[in-house]
Amino acid sequence: MSLQQKAYAWIGSPVGVSLMDGTGTSGILCSVQGGSIYLIEYLYHTQFATKHYAFSQIRDIYPFPQCPQPQLLYQAKPMY
C-alpha cells in the first residue's frame, strides 16, 4: 500500500510517522492535502499543534495498535 493510500485510510486515527531523517512523530491524522499530511500533535500541558509533513519527508505511516485486553486472573462467582 502506498503512503498516500495509507494516509487516506487512516484519516481520523492515531498514527506514528517515521520520517526520512530518522526521527518520528505521532498524533491524530487529520487530513491529506496538496501532497502533505496534517497531524495534530500534543505539545505540553493543554497545548496541541497541527503540523504538516510532505510525503517526500515521510518514510512510512503506521496505525497505532489496539490496546491489549486485561487478563482476568480469576473469575468472580456470584454470591447467591
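Anything mentioned here points back to the structure above.
Structure report, in brief. (Residues numbered from 1 in each chain as written. Predicted model: local features only at pLDDT ≥ 70, side-chain atom pairs only at ≥ 80, totals over all residues. Heavy atoms only, no water.)

1. Details of the environment of Pro 65
Mapped onto the elements of the fold, Pro 65 is located in the segment after β5 (58-63). We classify Pro 65 as exposed; its relative accessible area is 69%. (Helix = DSSP H or I, 4+ residues; strand = E, 2+ residues; numbered from the N terminus. Buried < 20%, exposed > 50% of the residue type's maximum accessible area, 1.4 Å probe, protein only.)

2. Observations concerning the sheet that holds strand β4 (residues 47-54)
Pairing between the strands of a sheet comes from backbone hydrogen bonds, and it takes one of two forms, parallel or antiparallel. Reading across the sheet, the five strands line up as β4-β3-β2-β1-β5 and stay open at both edges, with antiparallel pairing between neighbours. Only two strands of the sheet have a single partner each, and these edge strands are β4 and β5. Pairs of neighbouring strands in the sheet enclose a mean axial angle of 40°, with direction left out of account. (Pairing = 2+ DSSP bridges. Axes fitted to C-alpha atoms, helices over the stretch in contact; angles between N-to-C directions.)

3. Topic: the pattern of salt bridges
Counting across every chain of the model gives two salt bridges. Asp 60 serves as the salt-bridge partner of Lys 6, at 2.5 Å between the closest nitrogen and oxygen. Of this pair, Lys 6 sits in helix α1 (residues 3-9) while Asp 60 is found in strand β5, placing the two residues 54 residues apart along the sequence. Accessibility classification places Lys 6 together with Asp 60 in one group, the buried group. (Salt bridge = Lys/Arg side-chain N within 4 Å of Asp/Glu carboxyl O.)

4. Focus on the packing of aromatic side chains
Counting across every chain of the model gives one aromatic pair. Judged by centre distance (5.2 Å) and plane angle (65°), the ring pair of Tyr 42 and Phe 48 falls under edge-to-face. (Phe/Tyr/Trp six-rings, centres within 6.5 Å; stacked < 30°, edge-to-face > 60°.)

5. Things to note about unusual backbone geometry
Look at His 45: it is not a glycine, yet its phi comes out positive at around 50°. Locating His 45 in the fold gives a position in the loop between β3 (36-44) and β4. Of the residues examined, His 45 reaches a relative accessible area of 67% and is grouped as exposed.

6. Notes on the environment of Gln 4
With respect to the secondary-structure elements, Gln 4 resides in helix α1. Owing to a relative accessible area of 38%, Gln 4 belongs among the partly exposed residues under this scheme. On a C-alpha basis, the gap between Gln 4 and Gly 35 in space is 8.5 Å, while along the polypeptide they are 31 residues apart.

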